[in-house]
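# Results of the structural survey
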Amino acid sequence: MISRIRLMQSLTTAVLAVAPVAAAHGQRPGGPGNGVDSALYVRTTPPTDPVIKAMWAEGMEHGQVMTLAQVLLDSIGPRLNNSDRFDMGQRWLIDTYKSWGIPAKQEQYGTWKKWVRGPTHMDLIFPRVHTLEAVQLAWSPSTGNQWVEADVAIIPPKTTPAAFAAWLPSVKGKFLLGSALNPTCRSNAQVAEFGTEATQARIRAERAANTADYADRFLQGGNRYAWPAEAGVAGVLTSTWSGYPGINKIFGSPQQQVPTLDISCEDYNLLYRLAENGQSPRVRLSAQSQDLGEQPVHNVIARIEGSEKPNEYIVLSAHYDSWDGATGSTDNGTGTLTMFEAARIIKKLYPNPKRTIIIGHWGGEEQGLNGSRAFAEDHPEIVANIHAGFNQDNGTGRVVGVGPGPFVEGTDALVRYLKALPSEATGQIRMSGMGNPALGGTDNASFQCLKAPVYGLGALGWDYGGTTWHTNRDTFDKVIAEDLQYNATLVAMLVYMADQDPKMLSHEVGPYTSRGQPAEWPSCPTSTRDTRSSTR
């Protein structure tokens, strides 16, 4: 998931469920779209459709999603766009689909820098010995087959352009600190609970001032990727803290030109204080990686062909790529697994759908929805004939929100689908009203902007934004088995119900608004097809 955390906008909607169930759970979940009051629907009889009943039993009693999750998240691991692990996982997806009798293939949409992560190890060696918690950022250059030992430097305060130019030669061969000093690595919750008003105010003020000041110092050099390399630094050390002890956001850029690492909040502060106080910190680093250059990059596309209306489509959508500070388990391993297991359930219990079902495992979402946008651009005949679609990309949590987006027929369709499901499947789901299309953030935006009804599924947060979204702690143990099993089963049933519609849903959309006023439908962003064109 890119740019921001989609725990979805708050709803003012009613529940598509049995009211006592929702109340008992005390849920006030977020959901996709702008909330508009809608009717309360209560199921009073169990579902009668034998396929729905069979799907519920298969997914909830005989599900395979956690077995699949262990392979994807533990064995294959992180899936940085076009990395070696990205490729290995795509081959595994295709082979597993084949074993289920579902054709799947890699479909090239462009090229991207291919990068292979190796081991990283970093120690403070003066004024004392301490092993640092450090991780090489994605696409960072290697130190080669050697250890690099060097002093640590900070950019002096109150730096004018002239002072910066005078200082710059002194940083050659040193490790440059690229982030501000954090006044504390205690969580905000601890500060709020135990800190006096004065303590809380001091921490807020220092954090804001330090961040602004050091960013200004760093920008004195111009392009943040170019000037450290031109100055000949040994590497750049950064720290992107999540707000929780031990948890950092781990990103990277193919524009990096020197070894670049993220250091834990605690260890980074140590290096900063030592350097700031003239205590001559010196570190030793081995950061191994391979840059294999620009190479083809792919989506994985699986298809279950329609038996009656093969040129109408139902799309299952989730991005497959991840950042690689951990294993990308909840962003977006769980979304990938939701659609993967849903496809298995559908093929087993509804092998001959009327419409063609397409399962898209998109690459390059973290760099700007590139895989799904490229697919939509390359397949206008599919986009024009999408009957319905479902996208999931906001953590492991149980789906609790769905909405029609901008589509006029979306509300009635979703209500109809959900009313056919077991009450256990809809007891916590709240449905939002119509709103503007998604324009970014996750892959349903690639379709909604083109007026194709691919709906977002909003999930319970499980503190996603702070603890797993793009962090070094997004690992298998954060997956909640019951929630993931439920999500896959829900998607399988929604696909089945959508396929029962006698005619294709209209792509008609409601009026677009900007700041509460009617506006022209927005232009749709295009995909970035190669690393050289990327600014991220």
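Figured I'd write up the structure that's included with this text. (Residues numbered from 1 in each chain as written. Predicted model: local features only at pLDDT ≥ 70, side-chain atom pairs only at ≥ 80, totals over all residues. Heavy atoms only, no water.)

With eight of its eight residues buried, strand β12 (residues 355-362) lies for the most part within the structure. Where strand β10 (residues 282-304) lies against β12, five bridges are found, and the strand directions are antiparallel. What sits directly across from Arg303, in β12, is Ile358. With eight bridges connecting them, strand β11 (residues 309-319) and β12 associate as parallel partners. Following the sheet pairing, Val315 is matched in β12 by Ile358. Regarding topology, helix α10 (residues 329-349) serves as the crossover connection from β11 to the parallel β12, and that connection is right-handed. (Buried < 20%, exposed > 50% of the residue type's maximum accessible area, 1.4 Å probe, protein only. Helix = DSSP H or I, 4+ residues; strand = E, 2+ residues; numbered from the N terminus. Pairing = 2+ DSSP bridges. Right-handed = clockwise from strand over helix to strand, strands pointing away.)

Glancing now at the state of the cysteines. Tallied over the entire structure, the rule returns two disulfides. Disulfide partner of Cys185: Cys265, at an S-S distance of 2.1 Å. Between Cys185 and Cys265, the S-S dihedral sits near -85 degrees, and the bridge is therefore left-handed. Residue Cys185 is located in the loop between β5 (175-177) and α6 (188-194), and its partner Cys265 is located in helix α9 (residues 265-276); the two are separated by 80 residues in the primary sequence. The two residues Cys185 and Cys265 agree in class, both being buried. Two residues share a disulfide in this structure: Cys449 and Cys524, whose sulfurs sit 2.2 Å from each other. (Disulfide = S-S within 2.5 Å.)

Packed helices, taken two at a time, are described by their axes: the angle between them and the distance between them. Remark: helix α4 (residues 84-99) packs on α10, axes separated minimally by 11 Å, with the N-to-C direction vectors making an angle of 15 degrees. Comparing their axes, α10 and α4 come out roughly parallel. Regarding α4 and α10, the two cross each other, and that crossing is right-handed. Contacts between α4 and α10 involve Trp92, Leu93, Thr96 and Tyr97 from the former and Met339, Phe340 and Ala343 from the latter. In terms of residue class, the contact of α4 with α10 is made up of six nonpolar, one polar and no charged. (Axes fitted to C-alpha atoms, helices over the stretch in contact; angles between N-to-C directions. Parallel < 35°, antiparallel > 145°, perpendicular 65-115°, else oblique. Left-handed = near helix turned anticlockwise from the far one by under 90°. Contact = heavy atoms within 4.5 Å. Nonpolar A, V, L, I, M, F, W, Y, C, P; charged D, E, K, R; others polar.)

Our focus in this paragraph is helix α11 (residues 370-378). Among the nine residues in α11, seven count as buried, and that is most of the element. All of the buried residues in α11 are Asn370, Gly371, Ser372, Arg373, Ala374, Phe375 and Ala376. Looking at the buried positions of α11, the neighbouring elements they touch are β1 (104-126), β10, β12, α12 (380-383) and α15 (444-448).

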